[in-house]
Amino acid sequence: MSRILILSASPNSDGLTAACVAAAQAGLQEVQAESLHLNLCALRLERCRQCGNGWGSCNQQHNCVIEDDLAVLQQGLAGADGYVLITPVYYGEMA
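Scope of this entry: the structure provided in the associated data block. For every chain, the first residue of the written sequence is number 1, and numbering continues from 1 along that sequence. Confidence filtering applies because this is a predicted model: local features only for residues at pLDDT of at least 70, side-chain atom pairs given and counted only at 80 or more, and all residues used for totals across whole chains, interfaces and linings. The basis for the side-chain values is all heavy atoms of the structure; hydrogens and waters are excluded.

### Details of the layout of surface pockets
Cavity means a closed set of points on a 1 Å grid over the protein atoms alone, one where a 1.4 Å probe fits but cannot get out, pocket means an open set with protein on both sides within 12 Å along at least 5 of 7 lines, and lining means a residue has an atom within 4 Å of a point. Grid points are joined across faces, edges and corners, and a volume is the space filled by probe spheres set on the points. Approximately 210 Å³ is the volume found for the largest pocket. For the largest pocket, the lining is made up of 17 residues, of which C48, R49, C58, C64 and I66 are closest to its centre. Each residue gets one label: Ala, Val, Leu, Ile, Met, Phe, Trp, Tyr, Cys and Pro are nonpolar, Asp, Glu, Lys and Arg are charged, and the others, such as Gly, are polar. For the lining of the largest pocket, the per-class residue count stands at nine nonpolar, five polar and three charged.

See the structure below:
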């Protein structure tokens, strides 16, 4: 069974972007693919601190010293066979 990661990026949990996520999930369910949805706006992601002059533990050990939701995102990306990117459209452009 394929595992598809759906990434969305909208702070509005009940808008058009959320409806697109639901449609993607329904389509994936129809073809018997497993889906995982991560809304980037709901994750706590901090900016890189450029530890060790930009060559911190992320370079050698592939983990970050910042305790945020990056590990959740990394696990979702690594475990997926495919990706669906859903973003709101503001002022005629993708966010």
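Now, onward.
### Quick word on the pattern of salt bridges
Pairing between side chains becomes possible if they bear opposite charge and their charged atoms approach one another. By definition here, a salt bridge exists when the distance from a side-chain nitrogen of Lys or Arg to a carboxyl oxygen of Asp or Glu is within 4 Å. Following the criterion strictly, the structure yields three salt bridges and no others. A salt bridge links R44 to E46; the nearest nitrogen and oxygen atoms lie 3.2 Å apart. Given the relative accessible area of 44%, R44 is considered partly exposed. Under the scheme applied here, a residue whose accessible area is under 20% of the maximum for its type counts as buried, over 50% as exposed, and between as partly exposed, the area being computed with a 1.4 Å probe on protein chains only. Since its relative accessible area comes to 37%, E46 is described here as partly exposed. As a salt-bridge pair, R49 and E46 come within 2.9 Å of each other at their nearest N and O atoms.

### Observations concerning the state of the cysteines
Cysteine sulfur atoms are paired as a disulfide whenever they come within 2.5 Å of each other. Tallied over the full model, the rule gives zero disulfides. As a non-bridged cysteine, C51 has C64 as the owner of its nearest cysteine sulfur, 6.4 Å distant. The exposure class of C51 is partly exposed, given its relative accessible area of 32%. As a non-bridged cysteine, C58 has C48 as the owner of its nearest cysteine sulfur, 6.0 Å distant.

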